[in-house]
Amino acid sequence: MKSIKYLVYSILIGLLFTSCLLRKEYKRTVQVDNDHLYRIDTAVDSTQNFGTIIWADFFKDSVLKQYIERGLEQNFDVRIALENVEIAKSRFKQGKQVNLPTISGNVSGSYIKNTQNGQFGNALGIYLVTMLG
C-alpha cells in the first residue's frame, strides 16, 4: 500500500517538474518592417487629442456627413443623453444655490367684528348703557 502511494507521489512530482520546463526560444522566419506597418503617410502628433477633433472636420465625404447628421438627429439615445445632461446642469445649479443666503418674512393681521345677533351680541354695549344710564 505504501509502495503504491510512493509511486503515485513520484509520478505526480515528475509530471510537475516536466511541466515547468522552459520552452524553446522563438525565432522569426520573416523580418517585419515596423516603419511601414500602418497606412499612415505623415507623422502623428502625439500631443493632439483625438477627442478634440470635430467629426465634421474628420470625415470628408459629404454623403457620410449627411447620414451622420440624420442619425444624430433621429437617435433617441442621443436625445435622452442630451436631456440627462440638461437635468444634471439644472440640478448642479440648484445645488449651488443652496449655499446662497435666504430672506424670509411673514406678515399677518386680523380684524374681528362681533355681530349684534351673535352669542355675545352687544353685551358690552348693554353693560355700558346700564352703567351710564
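**Quick word on the overall build of the chain**
Inference 1: Tallying secondary structure elements over the chain gives five helices and zero strands in all.
Inference 2: Listed N to C, the secondary structure of the chain is α-α-α-α-α in terms of helices and strands.
Inference 3: When the accessible surface of the chain is split by element, carbon and sulfur atoms take 59% of a total near 14300 Å².

**Let's talk about a nonpolar patch on the surface**
Inference 1: On the surface, a nonpolar cluster with roughly 1100 Å² of combined accessible area is contributed by I4, Y6, L7, V8, Y9, I11, L12, I13, L15 and F17.
Inference 2: Looking at the element boundaries, L7 is found in helix α1 (residues 2–19).

**Some words on helix α4 (residues 76–97)**
Inference 1: Between its first and last C-alpha, α4 extends 32 Å over 22 residues, near the 32 Å set by a 1.5 Å rise per residue.
Inference 2: If you check the start of α4, you find a side-chain oxygen 3.0 Å away from the backbone N of D77, and it comes from N75.

**Looking at the confidence of the model for the chain**
Close reading of the predicted structure is inappropriate where its pLDDT is low.
Inference 1: Per-residue pLDDT for the chain has a mean of 77; in total, 70% of the residues score no lower than 70.
Inference 2: Element-level pLDDT for the chain is lowest in helix α5 (residues 123–132), with a mean of 51, against a maximum mean of 92 in α4.

Calculation criteria
Residues numbered from 1 in each chain as written. Predicted model: local features only at pLDDT ≥ 70, side-chain atom pairs only at ≥ 80, totals over all residues. Heavy atoms only, no water. Helix = DSSP H or I, 4+ residues; strand = E, 2+ residues; numbered from the N terminus. Areas by Shrake-Rupley, 256 points an atom, 1.4 Å probe, with all protein chains shown as cover. Patch = residues over 30% accessible without salt bridge, like charges linked within 9 Å, V, L, I, M, F, W, Y side chains within 5 Å. Salt bridge = Lys/Arg side-chain N within 4 Å of Asp/Glu carboxyl O. Expected span 1.5 Å × (residues − 1). Polar contact = N/O pair within 3.5 Å; in protein donor to acceptor, adjacent residues only side chain to side chain. pLDDT = per-residue confidence, 0-100.

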